[in-house]
Amino acid sequence: MFVNGQWISAFGWFPVRSPATGEIIAELPSAGIEEAMLAADAASAAFQTWRQTTAHHRCALLRAWYNAVIEHTEGIARTITMEMGKPIQEARGEVVYAASFIDWFAEEGRRVGGESMPSQHGDKRLATLQQPVGPVYAITPWNFPAAMITRKLAPALAVGCTAIVKPPVQAPLTALYFAKLWEDVGGPPGTLQVITTADPRTVSQVMFDDPRIRKLTFTGSTEVGKRLYEQSAKTLKRMSLELGGHAPFIIFEDADLDAAVDEVVACKFRNAGQTCVCTNRIYVHRSIASQFAEKLAVAVNRLQVGDPLLESTRIGPLVDEHARDKALSHIADAVAQGARIIAGGVRMEGFYVQPTVLQDVTATMLIMQEETFGPVAPLITFDSEAEVVAAANASPYGLAAYLWTRNLTRAQLVAEALEYGMIGVNDGAPSTAQAPFGGNKDSGLGREGGHWGLQEYLDVKFISTKLERCTLES
Ligand code: SIN
């Protein structure tokens, strides 16, 4: 692991397995209390000097990091594919997406400013400064092992915070790759550290208890996010939580059906459905429901399932046994309650799940309440705008929602009524570096990306200066 500019080991080790083959592809040191404390000390010491560097200096380093990432696209992509099973073409796309956050924040980081406010007193000057919040602890997920690192670290480093990344046990290698490139371009010791561990609770406890760590940023499940929220209360850390989703995708009767099918496939089956923003409920207007279902089934049956290192593969394995079992249990529960499988549904070897479309889905089915995180698309019919908006909002989650229509008034009103942080109008893939990413309710707190992403790593300081007089000496 990478601590204080050194590649260090630990007492215990853990294996990283390919979800495609089950083979061990690496063994990594497993950090405990000692390594976590070393990292916290180094992040805290480095913060004192890093925060004093200029934004121009930090952003030039980020630009060099960006160039290095782009140069290593193929190596990073293969690492992603091997450790978590994302098809290689998609993995290359993730590297470019990950780099786009570094690119964006290398520019945006130069634009952190303050404000001045007029005072009611002639002898006072009121102003604000924005300053880095302090050392950051970033817990990153396995489903986007590259992009979720850069979406958190690029803004943190740009404004002068230092960061400790704890990557997931399933996919820690990509994080080490990014740390190596940061080291290669001259990133100072302690500014970016990666601690690998098979015992995340112990490592995280050290960070929660340490008052010098001023911010927690986490992407992962709602259940874990709520626990981290509680644990961070003791040292009252700033928090960004990007948690689960259960995205509705609403297709109105005036939609361009072929385009809507393409976008549903892209949204639902990207990363084999292991995406917080992928749709988990597809509402289709009753008048077009059977036509849409037929077209979707044809498109889904064409998706090539297989070895994620092959260029032709569109659907790789799920990350582990638990992920596979959850997806299969959602299919089984839906079928037991009367849903029909119109594509896929055949059990496969290993962690693979055949992309599946379910018709005649109803609100009582498990898939309508829980995030599947797998390649299963449930279809539900609706009759009116009001009915479908009420159904879409009847969820504890509020991350992303999508709608498809050619009617501008309808698009605007429905987008306003949906209680979600991000809305795709005729767009199944709205995420981009310059826009805010994040949700409401059980989907989390805070926003990443855009200028909002910088604010998460800044504290506002108010300075009131009282002058000795109000006018110039004559
Ligand atoms: C996620 O689902 O975890 C991130 C997806 C995105 O950035 O589009």
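Residues numbered from 1 in each chain as written. Predicted model: local features only at pLDDT ≥ 70, side-chain atom pairs only at ≥ 80, totals over all residues. Heavy atoms only, no water.

The protein chain goes by NAD-dependent succinate-semialdehyde dehydrogenase in an unreviewed UniProt entry, where it is assigned to Pseudomonas canavaninivorans. Turning to the protein chain, the UniProt annotation filed under Sequence similarities (unreviewed entry) states: "Belongs to the aldehyde dehydrogenase family." (UniProt positions renumbered as here; feature names shortened; annotations may be inferred.)

Turning next to the nonpolar core. Of all hydrophobic cores here, the largest spans 124 residues; its most connected members are Trp 65, Ile 250, Ile 251 and Phe 292. The biggest single contributor to this core is helix α4 (residues 88-108), with 10 residues. Counting the residues that make up this core, at least three belong to each of domain 1 (2-243 + 443-463) and domain 2 (247-425). Apart from the residues within four sequence positions on either side, Trp 65 is in contact with Ile 102, Leu 153, Leu 157, Phe 178, Leu 181, Trp 182, Val 185 and Leu 192. (Core = buried A, V, L, I, M, F, W, Y, C linked by side-chain atoms within 4.5 Å. Buried < 20%, exposed > 50% of the residue type's maximum accessible area, 1.4 Å probe, protein only. Helix = DSSP H or I, 4+ residues; strand = E, 2+ residues; numbered from the N terminus. Domains from an automatic or database assignment. Contact = heavy atoms within 4.5 Å.)

Close contact between helix α3 (residues 73-84) and α4 brings their axes to 8 Å; oriented N to C, the two are set at 125 degrees. When the axes of α3 and α4 are compared, the pair comes out oblique. For α3 against α4, the interelement crossing comes out right-handed. The residues of α4 that touch α3, namely those facing Thr 73, Glu 74, Ile 76, Ala 77, Arg 78, Ile 80 and Thr 81, are Ile 88, Ala 91, Arg 92, Glu 94 and Val 95. (Axes fitted to C-alpha atoms, helices over the stretch in contact; angles between N-to-C directions. Parallel < 35°, antiparallel > 145°, perpendicular 65-115°, else oblique. Left-handed = near helix turned anticlockwise from the far one by under 90°.)

Moving on, we come to unusual backbone geometry. If you check the backbone angles, Leu 236 has positive phi at about 40 degrees while not being a glycine. You can call Leu 236 exposed: its relative accessible area is 66%.

With respect to topology, three strands assemble into an open sheet ordered β5-β6-β22, the strand pairing being antiparallel. Bordering the open sheet on either side are β5 (116-117) and β22 (458-466), each of which pairs with just one other strand. (Pairing = 2+ DSSP bridges.)

A few words now on the site of the ligand. Every residue close to the ligand is listed here: Tyr 97, Asn 143, Phe 144, Met 148, Arg 151, Arg 270, Thr 275, Cys 276, Val 277, Ser 431 and Phe 437. Between an oxygen atom of the ligand and a side-chain N or O atom of Arg 270, the distance comes to 3.0 Å. Between Cys 276 and the ligand, the recorded distance is 2.7 Å, taken from a backbone N or O atom to an oxygen atom. For the ligand, whose unbound accessible area comes to 260 Å², protein coverage reaches 100%. With respect to the detected pockets, the ligand is housed in the largest cavity. Residues of the shell around the ligand, tallied by class, amount to six nonpolar, three polar and two charged. The residue makeup of the shell around the ligand includes at least three contributed by each of domain 1 (2-243 + 443-463) and domain 2 (247-425). (Near = heavy atom within 4 Å. Polar contact = N/O pair within 3.5 Å; in protein donor to acceptor, adjacent residues only side chain to side chain. Areas by Shrake-Rupley, 256 points an atom, 1.4 Å probe, with all protein chains shown as cover. 1 Å grid on protein atoms, 1.4 Å probe; cavity = no way out; pocket = protein on both sides within 12 Å on 5 of 7 lines; lining within 4 Å. Sits in = over half its atoms within 2 Å of the grid points. Nonpolar A, V, L, I, M, F, W, Y, C, P; charged D, E, K, R; others polar.)

What follows deals with the packing of aromatic side chains. If you walk through the whole model with that rule in mind, you get eight aromatic pairs. Where Trp 65 meets Trp 182, the ring centres are 5.1 Å apart and the plane angle is 70 degrees; that geometry is what we call edge-to-face. You can see Trp 65 sitting in helix α2 (residues 55-71) and its partner Trp 182 sitting in helix α6 (residues 173-184), a full 117 residues away along the chain. Trp 182 matches Trp 65 in its accessibility class, with the two residues each being buried. For the ring pair Phe 249 and Tyr 402, a centre distance of 5.2 Å and an interplane angle of 20 degrees mean the geometry is stacked. Here the residue Phe 249 occupies a position in strand β12 (residues 247-251), and Tyr 402 occupies one in strand β18 (residues 400-404), the gap between them amounting to 153 residues. Of the two residues examined, Phe 249 and Tyr 402, each falls in the buried class. (Phe/Tyr/Trp six-rings, centres within 6.5 Å; stacked < 30°, edge-to-face > 60°.)

So, on to the environment of Pro 188. Mapped onto the elements of the fold, Pro 188 is located in the loop between α6 and β9 (192-194). Between the alpha carbons of Pro 188 and Thr 162 there is a distance of 10.0 Å; along the sequence they are 26 residues apart. Residues in contact with Pro 188, not counting those within four places in the same chain, are Trp 50, Leu 61 and Trp 182.

On to the layout of surface pockets, then. Rolling a probe over the atoms, with the probe sized like a water molecule, indicates the empty space that remains. Empty space within the largest pocket amounts to approximately 1,100 Å³. Along its surface, the largest pocket is lined by 37 residues, and Trp 142, Gln 170, Gly 220, Ser 221 and Val 224 are the ones closest to its centre. Within the residue set of the lining of the largest pocket, elements represented by two or more residues are α7 (200-209), β10 (215-219), α8 (222-231) and α11 (321-336). With six residues, the top contributor of residues to the lining of the largest pocket is α8. Of the residues in the lining of the largest pocket, the class split is 16 nonpolar, 13 polar and eight charged. The residue makeup of the lining of the largest pocket includes at least three contributed by each of domain 1 (2-243 + 443-463) and domain 2 (247-425). The volume enclosed by the second largest pocket comes to roughly 250 Å³. Residue lining of the second largest pocket: Glu 90, Tyr 97, Val 265, Ala 266, Phe 269, Arg 270, Leu 303, Arg 314, Ile 315, Ala 429, Pro 430 and Ser 431, and that is the complete set. Along the lines of polarity and charge, the residues of the lining of the second largest pocket split into eight nonpolar, one polar and three charged. (Points joined across faces, edges and corners; volume = space filled by probe spheres on them.)

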